[in-house]
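Observations on the model geometry
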Protein chains: 2
Amino acid sequence: METNGAEQLKRLAAARRRGCGVERTLAVLDGKWTTLIVRELLSGPKRFGEIRAALDSPSAKTITDRLRALEHQRIITRTVYPEIPPRVVYELTGDGHSLAGILYEMLIWGEEHPVSEP
Amino acid sequence: METNGAEQLKRLAAARRRGCGVERTLAVLDGKWTTLIVRELLSGPKRFGEIRAALDSPSAKTITDRLRALEHQRIITRTVYPEIPPRVVYELTGDGHSLAGILYEMLIWGEEHPVSEP
DNA sequence: CGGGATCCCTTCGGATACTG
DNA sequence: CAGTATCCGAAGGGATCCCG
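Read on for an overview of the structure. (Residues numbered from 1 in each chain as written. Chains lettered and ligands numbered in written order. Predicted model: local features only at pLDDT ≥ 70, side-chain atom pairs only at ≥ 80, totals over all residues. Heavy atoms only, no water.)

1. Comments concerning the interface of chain A and chain B
Taken together, the contact pairs 55 residues of chain A with 55 residues of chain B. When the two sides are added together, the surface that chain A and chain B hide from each other amounts to roughly 5,200 Å², 66% of it contributed by carbon and sulfur. For the pair chain A and chain B, the number of links is 4 salt bridges. Residue Arg11 of chain A is joined to Glu111 of chain B by a salt bridge in which the shortest nitrogen-to-oxygen separation is 3.4 Å. Counting the contacts that link chain A with chain B gives 22 residue pairs in polar contact (both at pLDDT 80 or more). When residues of the side of chain A that touches chain B are traced back to their parent elements, those giving at least two are helix H1 (5-14), helix H2 (21-28), helix H3 (32-41), helix H4 (48-54) and helix H7 (100-112) of chain A. With 12 residues, the top contributor of residues to the side of chain A that touches chain B is H7 of chain A. Looking at side-chain class alone, the side of chain A that touches chain B contains 27 nonpolar, 12 polar and 16 charged residues. (Contact = heavy atoms within 4.5 Å. Buried area = accessible area lost by both parts, 1.4 Å probe. Salt bridge = Lys/Arg side-chain N within 4 Å of Asp/Glu carboxyl O. Polar contact = N/O pair within 3.5 Å; in protein donor to acceptor, adjacent residues only side chain to side chain. Helix = DSSP H or I, 4+ residues; strand = E, 2+ residues; numbered from the N terminus. Nonpolar A, V, L, I, M, F, W, Y, C, P; charged D, E, K, R; others polar.)

Okay, here's the thing in structure tokens:
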């Protein structure tokens with residue numbers, strides 16, 4: 001990401017308007033949990049319980065809300081297997097997978113910048 | 001970002017733990033306004049009023065809160081010129097500028113994925 | 001097991017008024 | 001101009017109970 005920094009800045013400057021690409025992405029990846037759910041699913045389809053366990057257990061309601069929003073925006077699909085006990089599997093769509101670049105940049109930045117709070 | 005997608009996914013999968021890089025980044029870029037303020041400052045130092053006007057005018061309180069948080073995390077610096085009327089300039093630090101890669105990925109993704117809500 | 005429903009507390013963010 | 005202070009409504013998110 002150091003290769004063409006100037007070009008990046010130029011395009012970012014040109015995108016400073018309402019409804020730009022950055023804002024649309026933020027509308028999808030809104031909030032901490034949403035982003036972490038996507039990261040979790042990047043490594044493959046997951047069941048509800050797996051996602052919940054991986055996320056330091058926020059309440060079921062929070063996860064459900066976020067999953068529904070992602071489904072609505074066609075970032076993930078929800079498949080119900082009518083067994084007993086029931087099994088529900090969430091999986092990224094093509095659009096969902098294409099978020100990997102963003103998540104990767106976030107991972108790299110976070111690793112290179114340890115928290116610095118007095 | 002298409003060059004080494006497999007490697008990205010491998011590293012993202014390996015980072016699925018609490019306090020990973022992704023979570024640290026989310027702690028800095030928390031919420032819509034924070035990200036948009038950083039985007040705004042990528043094109044150069046800005047005054048309080050300029051930032052406010054560029055952001056579709058959320059309340060002064062919201063902007064002030066976000067600016068203080070970013071300053072605390074050493075993403076931006078705040079310089080006060082004791083003139084009359086006063087002038088306060090915000091500017092990205094080196095750490096702040098290094099967020100450009102993330103913002104750029106968000107811009108590209110958003111441009112390629114128009115909102116799709118029924 | 002994977003929710004839906006409900007309750008409730010906290011935080012976010014907008015509006016307004018005032019100050020150095 | 002760039003805040004600070006205060007009030008307030010909306011939304012986020014946790015806890016609990018129940019159901020198919």
